[in-house]
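The chain contents come next:
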Amino acid sequence: MTTIRQRRVGKGTEASEDQPSDEKNVKPDGKILSGSTGGKLWNILSVTLGGIVAISLGLLTSVYVATLHENDLWFSNIKEVEREISFRTECGLYYSYYKQMIQAASINQGLHGLVYDNKTESVRTINILERMNVYQEVFLSILYRILPIQQYLEPVYFYIYTLFGLQAVYVIALYVTSWLLSGTWLSGLLAACWYITNRIDTTRVEFTIPLRENWALPFFAVQIAAITYLLRTHLQPVQERMTLVAVFIATFLFSLTWQFNQFMMLIQALALFILDCFDMLPAAKVTWLYIIQMSGLLLVCVLQFFNSMILGSLLISFNASVLIARKVQKNLKTGNLPNRIGKIILHVLLVLCLTLLINKFIKRILNLESDEHIFKFLKAKFGFGATRDFDANLYLCEEAFGLLPLNTFSRLSETLLFCVYVFVLFLMSVAAVIVAFRNLSGSNQVKFMEKLEESTITLKPDAAYNLIHTVLFGCLALSTMRMKYLWTSHMCVFASFGLCSTEVWKLILKCVHLYTSQRTHVIKYSIPIIILLYISYKFWPGIMDELSELREFYDPDTVELMNWIKSNTPNTAVFAGSMQLLAGVKLCTGRTLTNHPHYEDKNLRERTKQIYQIYAKRSPEDVYRILQSFGTDYVILEDSICYERRHSRGCRLRDLLDIANGHIMDGLGENDPDLKPSLFPRFCEEIKKNLPSYTMHFTRVFQNKTFHVYKLAKHK
């Protein structure tokens, strides 16, 4: 088991601070209204200062997470094998391809090894570039090879520093989005500070460095910033074209770096669809965004050798359906309120039916089943019937795929983020409902329009998009904890925008009959500054303590196992075991695997379920036959799985296998009436007794406190 040991001695680091500025002389499109030289100079100075603060905060965040990573593992002092073991589960698998490309005799040979890979899945040759999103590892390895930095920087540091550098891009994108929405860079400063002080809930990059989301989310944040700018009014044609290019590039990079891209962009497409139905966004820009999503994803599909999972994605089917439905229903946005509501209902039904039909057709043509486990999981998660499906239960029993814990909100409230967010969300939601009702009611209701204009209840397109975006991704985060990082980072943007927004405070003050222009400006600047001072006072000492706390990586059992494998097994040996451990085996030793953690393939899921029979109640002959069918030479058994206590009864891996095999689970508790006792004891326990029925097939060749390695006999 891995532990983090305390180190002696401590050291700190520092952060930066700044002050707000007024944006009253700047239009939403950035044009300067003031004709005076002083006004122009002030605007230039404000934008320059805001940009410097953004870059400084981005770089500061990169240094902060890099320092935490170093302090937590003592990464600079531990051995290479320990560094590689620190890349847990799928992180180790992804990093192994970067290492493979670095160690290849040439770039062409490295690429050939990825396209025709026969070491990731035994007795199969697979195309890694098709199956996995590892183009970032390929690009980074090529960059490392061609740059003259080999003498000064180890490959692992080039890799992790790149990802820590992307955190700077992430924070700057959040900062800019908030700045664009509110009109003042003070809002961006507050968003960045909230992101840093709520680090536990906004990022996990410092301990899961190669994870796909750590590559993708910075580009997603850039895309949101570009969309926010695109949806502003009065853009010049050249500005609009350049912004569309920026949206496309960010969308493409986001799609290229994460296998869950299609599901995130589907939620984004739903946000656009909802706003378009209520006439809250310019129709032409929405169309362009649909097209950009599809073209970006299809370009990734081409680069991934026409990956069928992308072609069969709901996003492609949904966007195509929306574009078709809009052509069919050309008069969607005309008529009175009942007429409009009726048309919207028909439009939604038409899009839904077309999406299902197109998606079903594509999947049947391509014989696509790669993503069926996701829909089984969703069906079981939301109560549409219990399931005994092993893959679905494997997800259901993982905490990361459960509901968002309530203590998340208490942590977010300590920095005032969640409190401010709920306040802003409520106000903006009320404004959105009123604006949507006004849009559906028709332009002939002059009195109603005039009354609304007097109360200044308006919602600009960029704010409307960010509102629906945060609501939908909030629902995703509440239902699936792993996805909270998509929501909490945007929460920082949305809350800071609301506090620094002239429109929000103008609305509040007019409702209580206290509105003046001067009072609005005083409040929109003073409250964010007070919150920044509060955050600095309360959390700066904690950050300093965190940076001064030194630990080190400590996992002697896994280190011993990896060293034994490298020294005592041939390079062509095939290893079976848990997905998580085998990713480390591939990275540290280069040996061939039977299975691995990249679960987006039906054949691999079936293979993994078969390999996991080593933890089920099966006969030694059955287990031996299964392992032999995958060309296994060695099998690794882990006590932490065989005698698992981390999960409750019914969610332990051995329980999931028992249920899937129709066997009664171990321990006290209820069982489904149709489950039967197994004829055989649990394999991982019984094999340790060295009974003849086991020793004729398996010979123990390595053992420590955590792992047991058995070599398979070679029977004719």
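Note: the structure precedes this text.
Residues numbered from 1 in each chain as written. Predicted model: local features only at pLDDT ≥ 70, side-chain atom pairs only at ≥ 80, totals over all residues. Heavy atoms only, no water.

Undergrad: Quick question: what am I supposed to make of the pattern of salt bridges here?
TA: Side chains carrying opposite charge are able to pair once their charged atoms draw close together. Scanning the entire structure with this criterion turns up 30 salt bridges. The closest approach of N and O atoms between R199 and E206, which form a salt bridge, is 2.4 Å. Judged by relative accessible area, which is 10%, E206 ranks as buried. Bridged by salt links that share partners, the residues K617, R654, D658, D666 and R682 form one connected network. (Salt bridge = Lys/Arg side-chain N within 4 Å of Asp/Glu carboxyl O. Buried < 20%, exposed > 50% of the residue type's maximum accessible area, 1.4 Å probe, protein only.)

Undergrad: Would you take a moment to explain the sheet that holds strand β7 (residues 707-712) for this structure?
TA: Each strand in a sheet pairs with another by means of backbone hydrogen bonds, the pair being arranged parallel or else antiparallel. Ordered in space as β4-β3-β5-β7-β6, the five strands form an open sheet in which the pairing is mixed. Across the chains shown, the open sheet's two edge strands, defined by having one partner strand only, are β4 (592-593) and β6 (698-703). Along the sheet face, helix α29 (residues 620-629) touches β3 (574-576), β5 (634-638), β6 and β7 and points at about 75° away from the line of β6. (Pairing = 2+ DSSP bridges. Helix = DSSP H or I, 4+ residues; strand = E, 2+ residues; numbered from the N terminus. Contact = heavy atoms within 4.5 Å. Axes fitted to C-alpha atoms, helices over the stretch in contact; angles between N-to-C directions.)

Undergrad: Mind showing me how you'd approach the packing of helix α26 (residues 556-568) against helix α27 (residues 579-589) here?
TA: A packed helix pair is summarised by two numbers, namely the angle formed by the two axes and the spacing between the axes. Direction vectors running N to C along α26 and α27 enclose 55°, while the axes themselves pass 10 Å from each other. Between α26 and α27, the crossing angle belongs to the class labelled oblique. You can see that α26 and α27 cross each other, and the crossing is right-handed. Listed contacts from α27 to L561, M562, I565 and K566 of α26 are L581, G584, V585, C588 and T589. (Parallel < 35°, antiparallel > 145°, perpendicular 65-115°, else oblique. Left-handed = near helix turned anticlockwise from the far one by under 90°.)

Undergrad: Is there a simple way to explain the pairing of β5 in this structure?
TA: Each regular strand displays side chains that alternate between the two surfaces of the sheet. The element β5 is extensively covered by neighbouring structure, given that five of its five residues are classed as buried. Across the two faces of β5 the burial is the same, with Y634, I636 and E638 and V635 and L637 all buried. Pairing of β3 with β5, which is carried by two bridges, proceeds in the parallel orientation. Looking across to β5, one finds that F575 is bridged to Y634.

Undergrad: Teacher, can you tell me more about the state of the cysteines here?
TA: As used here, a disulfide is simply a covalent bond connecting the sulfur atoms of two cysteines. Scanning the model with the defined rule gives two disulfides in all. Residue C397 pairs covalently with C651 via a disulfide, S to S 2.1 Å. Between C397 and C651, the S-S torsion sits near -75°, and that sign places the bridge as left-handed. Pair noted here: C397 is in the loop between α18 (390-396) and α19 (407-414) and C651 is in the loop between α30 (639-642) and α31 (653-661), with a separation of 254 residues, a long-range link. Overall, the relative accessible area of 12% leaves C397 in the buried class. Note on cysteine connectivity: C642 is disulfide-linked to C684, with sulfurs 2.0 Å apart. Taking the sign of the torsion about the S-S bond as the criterion, the disulfide between C642 and C684, at about 80°, is right-handed. A residue pair is termed long-range when its members are at least 10 positions apart, and C642 in helix α30 and C684 in helix α32 (residues 683-686) qualify at 42 residues. Take C642 and C684: they sit in the same class, and that class is buried. Counting only the cysteines that take part in disulfides, in the order they occur along the protein, gives the pairing 1-3, 2-4. (Disulfide = S-S within 2.5 Å.)

Undergrad: I would appreciate a short explanation of empty space enclosed by the protein in the present structure.
TA: Empty space among the atoms can be located by rolling a probe the size of a water molecule over them. By the definition in use, this model includes five cavities of 30 Å³ or more. A volume near 160 Å³ is recorded for the largest cavity. Considering the residues around the largest cavity, the lining is formed by 15 residues, among which M428, T458, L459, E503 and V504 are closest to the centre. Mapped onto the lining of the largest cavity, the elements with two or more residues apiece are α20 (417-441) and α24 (502-511). Looking at the lining of the largest cavity, its residues break down into ten nonpolar, three polar and two charged. Here the second largest cavity defines a volume of roughly 60 Å³. Listed by contribution, the elements that provide at least two residues to the lining of the second largest cavity are α7 (155-182), α10 (212-230) and α23 (484-499). (1 Å grid on protein atoms, 1.4 Å probe; cavity = no way out; pocket = protein on both sides within 12 Å on 5 of 7 lines; lining within 4 Å. Points joined across faces, edges and corners; volume = space filled by probe spheres on them. Nonpolar A, V, L, I, M, F, W, Y, C, P; charged D, E, K, R; others polar.)

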